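Architecture at a glance
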Amino acid sequence: MVVIGGAGLASIGLGGGSGTTAVHSSLPPATAPIERTTLVETQKVSGTLGYGTTRTATGGGGHGTLTWLAGPGALVSRGQPAYKIDDHPVPLLYGSLPLYRSLSEGTKGADVLQFERNLQALGYTGFTVDKTYSSATTSAVQRWQKDLGVDQTGKVTPGSVLIAPGEIRVAERKANVGDQPNGPVLTYTGTTRVVNVDLDVQYQRLAKKGAEVSIELPDGGTTKGTITSVGKVATEGHGDNPTTIKVTIAIPKQRSLGSYDKAPVDVHLTANRHANVLAVPVAALLAQPDGGYGVQLVEGGTVRTVRVETGVFTEGKVEISGSGLSGGMKVGVPT
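One structure accompanies this document, and this report is about it.

Definitions and limits used
Residues numbered from 1 in each chain as written. Predicted model: local features only at pLDDT ≥ 70, side-chain atom pairs only at ≥ 80, totals over all residues. Heavy atoms only, no water. Pairing = 2+ DSSP bridges. Helix = DSSP H or I, 4+ residues; strand = E, 2+ residues; numbered from the N terminus. Axes fitted to C-alpha atoms, helices over the stretch in contact; angles between N-to-C directions. Salt bridge = Lys/Arg side-chain N within 4 Å of Asp/Glu carboxyl O. Buried < 20%, exposed > 50% of the residue type's maximum accessible area, 1.4 Å probe, protein only. Parallel < 35°, antiparallel > 145°, perpendicular 65-115°, else oblique. Left-handed = near helix turned anticlockwise from the far one by under 90°. Contact = heavy atoms within 4.5 Å. Nonpolar A, V, L, I, M, F, W, Y, C, P; charged D, E, K, R; others polar.

Read from one edge of the open sheet, 4 strands run β5-β7-β8-β9, paired in mixed fashion. One side of each edge strand has no neighbouring strand; the edge strands of this open sheet are β5 (66-69) and β9 (162-164). For this sheet the average axis-to-axis angle between neighbouring strands, irrespective of direction, equals 25°. Both β5 and strand β7 (residues 81-85) contribute to a ladder of 3 bridges, which runs antiparallel.

Encoded structure:
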């Protein structure tokens, strides 16, 4: 929002607060039209462009030796290996449940359903996708294991696959070839760039899920985004740092982001829309000795000053109202 100081505006007396002064003989150096328009009040906040939340892949059980890891920036999709143990691939599967137990014939549960959906998506058939690990599932798993080049046990054990919500982008290796997989192996994110904002809670009312925002990039370009999530738990600030909530913004046009992987950005949140109002450049305002503002109306070869009430200030313009004002009139502005 633009802040107006009295010292930054021309001053002219209105005489008795009557609303207009006598006609002036000298014209202002330039004019601008009074516009009837919609003014959008915005709030600029800082955000970070990146690939979203970083998660950690941990080797299960700690048995064997790491013989290969995907490198930073690598994209891994369903069925592809994220790393290898004893030269056996640990493939990525999609889901929300970790593989917390061994799956074998007779096992039942939501984790079985999640696994069977992945198996089917990888092209293996001959079983019913449900919550029961059947003999048909075992046969399909053996075919899958043969294709992977691992022991054809027909069982799926913790540590033999990596579960993530979808395709991943490797962020950082946390282990090296030759290490035992008994701790963090790598970190990863999603593959779509988003903007994260630690939003001061005083602006929480401006962050609505589904709302459109404007994002200003480091090179001066802009793109549009949509708020996809607004945190419900605030992080308490300390010292000069405010209390914040996390806001995530999706960017539909990923190409508009260029080659940026991680960068600071400015996010413009919409506070209010003032529709069908009269507006002039902020520079057209004249500070009055008795308080308030006026504008110089230029009509033909004459000038008169009219007192106005101001509304929202935004993007170099100000909402005005006053007696006798209408769209298309000319007001004086400095050069």
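This part covers the pattern of salt bridges. Enumeration according to the criterion identifies 7 salt bridges in this entry. With a closest N to O distance of 2.8 Å, Glu35 and Lys317 form a salt bridge. Of this pair, Glu35 sits in strand β3 (residues 35-50) while Lys317 sits in strand β20 (residues 317-321), and the two are 282 residues apart along the sequence. Taking relative accessible area as the criterion, Glu35 reaches 32% and is therefore assigned partly exposed. Between Glu299 and Arg304 there is a salt bridge; the shortest N-O distance is 2.9 Å. Overall, the relative accessible area of 36% leaves Glu299 in the partly exposed class.

Time to look at the packing of helix α1 (residues 110-121) against helix α2 (residues 135-148). Orientation of α1 relative to α2, taken along the N-to-C sense of each, is 50°, at an axis distance of 11 Å. It follows from the interaxial angle that α1 and α2 lie oblique. Where α1 crosses over α2, the handedness of that crossing is left-handed. Residues Phe115, Glu116 and Leu119 of α1 pack against Thr137, Ala140, Val141 and Trp144 of α2. Residues of the contact of α1 with α2, tallied by class, amount to 5 nonpolar, 1 polar and 1 charged.

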